[in-house]
Amino acid sequence: MSPIMKAAREHFHAKAAEARIRLDLYSSNPLAVGDHSNVVAEVVKATEDYEHAASCMDILEAVSKENKP
């Protein structure tokens, strides 16, 4: 995998990790997130963010495999 592709993968890995932490926080103690009036909407957003990042990592992996000599 090229350095550019690795950097992009790491970007999405970090985005997925951040979304996962939000999901863990919301599921373990939603009252700890006092500035969010709609915790359900926040869980939906975190889930979508996680799915997007995971999908992007899958795409980068597939493209890298296709471009191997």
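What comes next concerns the included structure. These figures come from a predicted structure and were not determined experimentally.

**Focus: the environment of Lys-15**
Relative to the assigned elements, Lys-15 resides in helix α1 (residues 3-28). Classification of Lys-15 as partly exposed rests on a relative accessible area of 43%. C-alpha of Lys-15 to C-alpha of Ala-53: the two residues are 38 residues apart in sequence and 6.1 Å apart in space.

**Quick look at helix α2 (residues 39-66)**
The end-to-end C-alpha distance of α2 is 41 Å, a good match for the 40 Å that 28 residues give at a rise of 1.5 Å each. When α2 is considered as a whole, its buried residues turn out to be Ala-46, Ala-53, Cys-56, Leu-60 and Ser-64. As for α2, its buried residues are in contact with α1.

**Focus: the nonpolar core**
Taken as a class, soluble globular proteins show a tendency for nonpolar side chains to be buried jointly. Ranked by size, the top nonpolar core spans six residues in total: Met-5, Phe-12, Ala-16, Ala-53, Cys-56 and Leu-60. In this structure, Met-5 is in contact with Leu-60, Val-63 and Ser-64, ignoring residues within four places of it in sequence.

**Some points on the packing of α1 against α2**
In contact at an axis separation of 8 Å, α1 and α2 are set at 155 degrees when each is read in the N-to-C sense. Here α1 is positioned roughly antiparallel relative to α2, judged by the angle of their axes. Once α1 is placed against α2, the crossing between them reads as left-handed. Looking at the contact of α1 with α2, its residues break down into 16 nonpolar, four polar and eight charged.

Definitions and limits used
- Residues numbered from 1 in each chain as written.
- Predicted model: local features only at pLDDT ≥ 70, side-chain atom pairs only at ≥ 80, totals over all residues.
- Heavy atoms only, no water.
- Helix = DSSP H or I, 4+ residues; strand = E, 2+ residues; numbered from the N terminus.
- Buried < 20%, exposed > 50% of the residue type's maximum accessible area, 1.4 Å probe, protein only.
- Expected span 1.5 Å × (residues − 1).
- Contact = heavy atoms within 4.5 Å.
- Core = buried A, V, L, I, M, F, W, Y, C linked by side-chain atoms within 4.5 Å.
- Axes fitted to C-alpha atoms, helices over the stretch in contact; angles between N-to-C directions.
- Parallel < 35°, antiparallel > 145°, perpendicular 65-115°, else oblique.
- Left-handed = near helix turned anticlockwise from the far one by under 90°.
- Nonpolar A, V, L, I, M, F, W, Y, C, P; charged D, E, K, R; others polar.

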